[in-house]
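Each chain is listed here by its residues.
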Amino acid sequence: MFGALREGVRLLFFRPVRAEALPAPIAVLVALALLHLALQFGLQVARVGWPGEFNIGELPRALFVLPLALFTGLACAQAAGDDSLTLRIAVAVSALSVAMSVPMGLMGLAFSF
């Protein structure tokens, strides 16, 4: 998973990524989705504080990246004619979303004060 996060940071800075550098197991994709969810939860708790309430309506927004990543992977794999790229591209998009959530969440946290 750390290799996928490293490649997600490379994508964040528009650096080239090799398909071989991205792990393809579904467990990596699920771990990245859960990491993204945990980061979003932590940043929101930091913004609101402990006396806040859990908003179940925000859960689909936080998990929206998973179907988007899978659709992007499927579309790119179909266009390239290589089905093995489906999970690799989905992992890349998920890793990019995790890499983006940190600076974007910190900026949102800074602007909320």
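Below you will find a few notes about this structure. Computed from a predicted model, the values in this text were never measured in an experiment.

## Description of the nonpolar core
(1) Moving on: If you look at the biggest cluster of nonpolar residues, it comprises 12 residues: Ala4, Leu5, Leu22, Val28, Leu29, Leu32, Ala69, Ala90, Val91, Ala92, Ala95 and Val98.
(2) Moving on: Broken down by secondary-structure element, the contributors of at least two residues to this core are α1 (2-12), α2 (26-48) and α5 (85-112).
(3) Moving on: In terms of residue count, the dominant contributor to this core is α5 (five residues).
(4) Moving on: Beyond its immediate chain neighbours, meaning those up to four positions away, Leu5 contacts Leu32, Leu35, Ala95 and Val98.

## Observations concerning α2
Since one α-helical turn is 3.6 residues long, residues separated by three or four positions face the same way.
(1) Moving on: Counted at 1.5 Å a residue, the expected span for α2 with its 23 residues is 33 Å, and the 33 Å between its end C-alpha atoms agrees.
(2) Moving on: All buried positions along α2 are accounted for by Val28, Leu29, Leu32, Ala33, His36, Gln40 and Leu43.
(3) Moving on: Elements that come into contact with the buried residues of α2 comprise α1, α3 (59-62), α4 (65-80) and α5.
(4) Moving on: Of the residues one or two after α2, Gly49 is the one with positive phi, at around 100°.

## Details of unusual backbone geometry
Apart from glycine, the bulk of residues carry a negative phi angle, and the bulk of peptide bonds sit in the trans form.
(1) Moving on: Phi is positive for Phe14, close to 60°, though the residue is something other than glycine.
(2) Moving on: Along the polypeptide, Phe14 turns up in the loop between α1 and α2.
(3) Moving on: Of the residues examined, Phe14 reaches a relative accessible area of 78% and is grouped as exposed.

## Overview of the environment of Pro67
(1) Moving on: Summarising the element assignment, Pro67 is placed in helix α4.
(2) Moving on: Pro67 sits 23 residues away from Ala90 along the chain, and the two C-alpha atoms are 9.0 Å apart.

## Some remarks on the layout of surface pockets
The gaps left among the atoms become clear once a water-sized probe is rolled over them.
(1) Moving on: Quantified by volume, the largest pocket comes out at close to 430 Å³.
(2) Moving on: Among the elements of the structure, α2 and α3 are those that each provide at least two residues to the lining of the largest pocket.
(3) Moving on: If you tally residues by element for the lining of the largest pocket, the top one is α2, at six residues.
(4) Moving on: When its residues are assigned to classes, the lining of the largest pocket shows eight nonpolar, five polar and three charged.
(5) Moving on: The calculated volume of the second largest pocket comes to roughly 250 Å³.

## Concerning α5
(1) Moving on: Look at α5: 39 Å from first C-alpha to last across 28 residues, which is about the 40 Å you get at 1.5 Å a residue.
(2) Moving on: Residue Ser101 marks the point of greatest curvature in α5, where the axis turns by about 30°; the proline Pro103 follows within four residues.

## What about the pattern of salt bridges?
(1) Moving on: Taken as a whole, this structure holds three salt bridges when the rule is applied.
(2) Moving on: Taking the shortest distance from any N to any O, the salt bridge between Arg6 and Glu7 comes out at 3.6 Å.
(3) Moving on: Salt-bridge contacts for Glu7 lead to Arg10; the nearest nitrogen and oxygen are separated by 3.8 Å. Of this pair, Glu7 and Arg10 both sit in helix α1, separated by three residues, roughly a single helical turn.
(4) Moving on: Through salt bridges with shared partners, a single network forms among Arg6, Glu7 and Arg10.

Here is what the cut-offs are and how they apply
- Residues numbered from 1 in each chain as written.
- Predicted model: local features only at pLDDT ≥ 70, side-chain atom pairs only at ≥ 80, totals over all residues.
- Heavy atoms only, no water.
- Core = buried A, V, L, I, M, F, W, Y, C linked by side-chain atoms within 4.5 Å.
- Buried < 20%, exposed > 50% of the residue type's maximum accessible area, 1.4 Å probe, protein only.
- Helix = DSSP H or I, 4+ residues; strand = E, 2+ residues; numbered from the N terminus.
- Contact = heavy atoms within 4.5 Å.
- Expected span 1.5 Å × (residues − 1).
- 1 Å grid on protein atoms, 1.4 Å probe; cavity = no way out; pocket = protein on both sides within 12 Å on 5 of 7 lines; lining within 4 Å.
- Points joined across faces, edges and corners; volume = space filled by probe spheres on them.
- Nonpolar A, V, L, I, M, F, W, Y, C, P; charged D, E, K, R; others polar.
- Bend = angle between axes of the 7 residues up to and from the residue.
- Salt bridge = Lys/Arg side-chain N within 4 Å of Asp/Glu carboxyl O.

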